[in-house]
Amino acid sequence: METLMSILVGLLFSIGTYLILSKTLLRIVLGASIISHGVNLLILTMGGLKKGGLPLLGGNNLSYTDALPQALILTAIVINFAVTALFLVLCYRTYQVVGTDDSEQLRGNEDE
Amino acid sequence: MNNVVLLPIIIPLLTGMIMIIFRKNIRFQRAFSIFAILATGAVSVFLMAQIRAKGIQTLQLGGWQAPFGISMVADMFSALLLLTTSVVSFCCLLFAFRSIGKEREASYFYPMVLFLITGVNGSFLTGDLFNLYVCFEVMLISSYVLITLGGTKKQLRESIKYVLTNIVSSFLFLVAIAYLYAMTGTLNLAHLSVRIAEAGQDGLMTTVAILFLIVFSMKAALFLFFWLPGSYSAPPTAIAALFAGLLTKVGIYALFRMFTLVFYHEPQITHLIIGVLGALTMLLGAIGAIAYWDIKKILTYNVMVGVGFIMAGLASFTPVAMTGSIYYLIHDMIIKALIFLIGGTMIHLTGTSKLKEISGLIGTHPYLGWLFFIAALSLSGIPPLSGFLGKVYITQGTFETGYYWLGAIGLITSLMVLFSIMKIFMNGFWGETYLSEEMEKGTTKGLMFPIGLLTVATIVLGVGAEGIIEYVNLATESLMNPKLYIEAVFRGNVTP
C-alpha cells in the first residue's frame, strides 16, 4: 500500500511541476494546488498506513494508528487553502492591472 | 515553565487582530502598533535577563510534556534576535508613519506588519519543527500581502514570482518534515536531536538534512537568491527595509538551529556545502552590487553578501566563528534596515533610483549624507563600528577550521561591498548639487529620526561590544552544546 501511495505522490508531484513550469498563471496556481495534495498524501504515507486501531484510551487495541500525521495534514490543508486563495486573487489582480496572464510577459523592464 | 516565553508572539498577534476592527482610525493604529512593538521589546529584554540568570527558558503548551506537546524554547540566541527584531521594526514603523501614505495605512498596513512580526518571533521561539513551518507561513502570508499592498504594476509582477518561489519552498519544507518524521518518529527539535544522536546520522539522514538546507537556503537567500533582487526592490521603502532586516534572517536562524542542534554529526558534508554556498553567495552578491547603477539593486545585492558571510561562520562550526556569526547577524539586521531606509530616503527626495541621475545631496542634506557614510563604514566592517568585530571572529573561525579560501573570499567581498556602497556615497552625495530644496520630490521631515536611531544602534553595538559580547557568548554556548537545549526542554524527564 505504501508503495502504491508513493507512486501516486510522485505522479501528483510531476503533474504539479509540469503545470508550474507552464506559462499561464492559472495553470501555475493549479499546479501549486496539486503539489499541495501530493505533499499531504506524502505526510500521511510517511506516518505509516493502516496500523492498529483508533488512538483512543480504554479501547481493546494494543497498537494504535499514529494520529499525528493527520493533525499535521489538517494544519497544512488549512494553510495551503489560504495561500492558494490569496495566490488566485493575486493572479486575477495582476491579470487586470498588467493585462496579461502570460508569465513570459511579466518579466518587465527597468524603464517604465 | 515560563509563560513569558509566549508573550512576544501573543502581543503582536492580539494587537494586530484588534487593529483590524479599527480600520479607519489610523492614529489609534499608529499608537497601538508602536505600543505593541515596545512591549515586545521590553519582554525580550526581560527574557534576556531571565535566561542570563536561570538558563534557557521553556514553555510546554497546554502542559503536555515535551515530546508530545509543542514546546516553546527561548535561549539567548532567540532572545537576542527578538530584541533586534523589535528595534528594527520600531524604526521601520516610525519611517512608515511619514512615508507609507494614507491609502496603504487604511488598507491594514499596521496589522499586517504586526502579523509579520508574530511569525518572525514565533519562528525564533518555537521548539517544534512543524510549528516552525506554521510560523514561517504566518510570516510569509503577511509578507505576500505587504509586498502587494498598493497594487502597482511592478509590485504585482514581482510578487507573483516571490509568492510562487515561497510556495514551492514551503512544499519542500513539508516534504522534508514528512521524511524526517518517518525516520525518527518525532518533530520536537530537542527530541530529534536525541534520536539522531542515538541512531547516528547516516547517508539517508544527511540527504534529508540537505533537503532542509535547500528549503532554508531559499528562504534565507543563501545561493538560491534569484527571487530576491526583484521582490525587494518592488515594495515601498519602509516595507523593503523591514523585509531586508527580518525575512532572510529568519531563514538564517532556522539554518543555525537545524545545523547546530539536529544535523551536527556530519560537518564535513553538510557544513562544507553550507560553506561553499556561502562563498558563492558572497561572490555573486558582491559582483551584482558592483555591477548595477541602481540604488535599490545595489542594496539588495548587499543583503546577499551579508547572508553568505554569516553562513561562513556556521560552516566553520567553531565557538569563535559562532560568536562572530551571531554578532554579525544582529549587526546585519540593523545595518540592512538602515541602508534600505537611507537609500529609500534618497529615492524619495530625488524621485529616481538611478545613481547617475542623482548628485550632490550632501549640499542640501548634510545629516543624511554623514549618516549614510557611518552606515557604509559599518557595513563594510571598519572599526570601531559594529561590522568589524563579527568579521574578525568569523574570519578567525574560518582560519581555525582550515577553510582559508572561505575567509579570503569573505575579506575580498568586504572590499567589494565597500566599493559598491562608496559608489552610492560618491555619486549620490558628492558632486554638483542638481536639486535645490524646492525642486525635491519629498522632504526628510520625520524620516531622519528612525535613521538616526538605527545609526545609534549600530554605533552602540560596535563601541559597546564589551557589554554585548557577554550575551553573545551565552548564545554561542547554547548553540554549541545541544545538551543544554535538550535538558532545558525535557527538564529531567525520561526521554521516550
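Calculation criteria
Residues numbered from 1 in each chain as written. Chains lettered and ligands numbered in written order. Predicted model: local features only at pLDDT ≥ 70, side-chain atom pairs only at ≥ 80, totals over all residues. Heavy atoms only, no water. Contact = heavy atoms within 4.5 Å. Buried area = accessible area lost by both parts, 1.4 Å probe. Polar contact = N/O pair within 3.5 Å; in protein donor to acceptor, adjacent residues only side chain to side chain. Helix = DSSP H or I, 4+ residues; strand = E, 2+ residues; numbered from the N terminus. Nonpolar A, V, L, I, M, F, W, Y, C, P; charged D, E, K, R; others polar. Buried < 20%, exposed > 50% of the residue type's maximum accessible area, 1.4 Å probe, protein only. Axes fitted to C-alpha atoms, helices over the stretch in contact; angles between N-to-C directions. Parallel < 35°, antiparallel > 145°, perpendicular 65-115°, else oblique. Left-handed = near helix turned anticlockwise from the far one by under 90°. UniProt positions renumbered as here; feature names shortened; annotations may be inferred. Core = buried A, V, L, I, M, F, W, Y, C linked by side-chain atoms within 4.5 Å. Salt bridge = Lys/Arg side-chain N within 4 Å of Asp/Glu carboxyl O.

1. Considering the interface of chain B and chain A
Each partner contributes residues to the interface: chain B has 30 residues there, and chain A has 36 residues. In total, chain B and chain A occlude about 2900 Å² of area from one another, counting both sides; carbon and sulfur atoms represent 79% of this. Applying the counting criterion to the chain B and chain A interface returns one residue pair in polar contact (both at pLDDT 80 or more). Only helix 6 (129-148) and helix 7 (153-184) of chain B provide two or more residues apiece to the side of chain B that touches chain A. In terms of residue count, helix 7 of chain B provides more of the side of chain B that touches chain A than any other element does, 17 residues in total. Of the residues that constitute the side of chain B that touches chain A, the class distribution is 20 nonpolar, three polar and seven charged.

2. Some thoughts on helix 8 (residues 189-199) of chain B
All names here are of chain B. Among the residues of helix 8, Leu189, Ala190, His191, Leu192, Ser193, Val194 and Ile196 are the ones counted as buried. Residues of helix 8 that are buried make contact with helix 6, helix 7, helix 9 (203-220), helix 11 (237-262) and helix 21 (482-490). Its side-chain oxygen at 3.0 Å from the backbone nitrogen of Ala190, Asn188 defines the N-terminal cap of helix 8. Phi turns positive one or two residues past the end of helix 8, at Gly200, with a value near 85 degrees.

3. Brief notes about unusual backbone geometry
Residue and element names in this part refer to chain B. Following Pro383, the chain continues into Pro384 via a peptide bond in cis, with omega recorded as 5 degrees. With respect to the helices and strands, the residue Pro384 is situated in the loop between helix 16 (366-380) and helix 17 (386-401). With a phi close to 65 degrees, Tyr108 is a non-glycine residue in the positive phi region. Structurally, the position occupied by Tyr108 is in the loop between helix 4 (102-106) and helix 5 (109-125). If you check the backbone angles, Phe223 has positive phi at about 65 degrees while not being a glycine. By the element assignment, Phe223 lies in the loop between helix 9 and helix 10 (228-233).

4. Overview of the packing of helix 11 of chain B against helix 14 (residues 319-350) of chain B
Residues and elements named next belong to chain B. One way to put it is that helix 11 packs onto helix 14 with a least axis distance of 7 Å and a crossing angle of 165 degrees. In terms of their interaxial angle, helix 11 and helix 14 are classed as roughly antiparallel. You can see that helix 11 and helix 14 cross each other, and the crossing is right-handed. Mapping the contact onto sequence places Thr237, Ala240, Ala241, Ala244, Gly245, Leu246, Lys249, Ile252, Phe256 and Thr260 in helix 11 and Met322, Ser325, Leu329, Asp332, Met333, Lys336, Ala337, Phe340, Leu341 and Gly344 in helix 14. Split into classes, the residues belonging to the contact of helix 11 with helix 14 amount to twelve nonpolar, five polar and three charged.

5. So, the UniProt feature "transmembrane region" (unreviewed entry) in chain A
Residues annotated by UniProt as "transmembrane region" (unreviewed entry) correspond here to residues 6-21, 28-47 and 67-90 of chain A. Its end C-alpha atoms 35 Å apart, residues 67-90 of chain A is made of 96% helix and 0% strand.

6. Brief notes about the nonpolar core
The biggest cluster of nonpolar side chains holds 209 residues, and the ones touching the most others in it are Phe87 of chain A together with Phe109, Leu129, Phe173, Phe212, Phe216 and Phe263 of chain B. For this core, the element with the highest residue contribution is helix 11 of chain B, accounting for 19 residues. With residues near it in sequence (within four places) discarded, Phe173 of chain B still touches Leu129, Leu132, Tyr133, Phe136, Phe212, Val215 and Phe216 of chain B.

7. So, the pattern of salt bridges
Residue and element names in this part refer to chain B. Counted under the stated rule, the structure contains six salt bridges over all chains. The closest approach of N and O atoms between Lys161 and Glu158, which form a salt bridge, is 3.8 Å. Of the two residues, Lys161 and Glu158 both sit in helix 7, three residues apart, roughly one turn of that helix. Under the relative-accessibility criterion, Lys161 is labelled partly exposed at 35%. Its salt-bridge partner being Lys249, residue Asp332 comes within 3.4 Å of it at the nearest N-O pair. Taken as a pair, Asp332 in helix 14 and Lys249 in helix 11 lie far apart in primary sequence, 83 residues in all. The exposure classification of Asp332 matches that of Lys249, with both residues buried. One connected set of salt bridges, linked through shared partners, spans Lys249, Asp332 and Lys336.

8. Focus: the UniProt feature "domain: NADH:quinone oxidoreductase/Mrp antiporter transmembrane" (unreviewed entry) in chain B
Under the UniProt annotation, the feature "domain: NADH:quinone oxidoreductase/Mrp antiporter transmembrane" (unreviewed entry) is placed at residues 127-416 of chain B. Secondary structure across residues 127-416 of chain B comprises 82% helix and 0% strand; the distance between its end C-alpha atoms is 38 Å.

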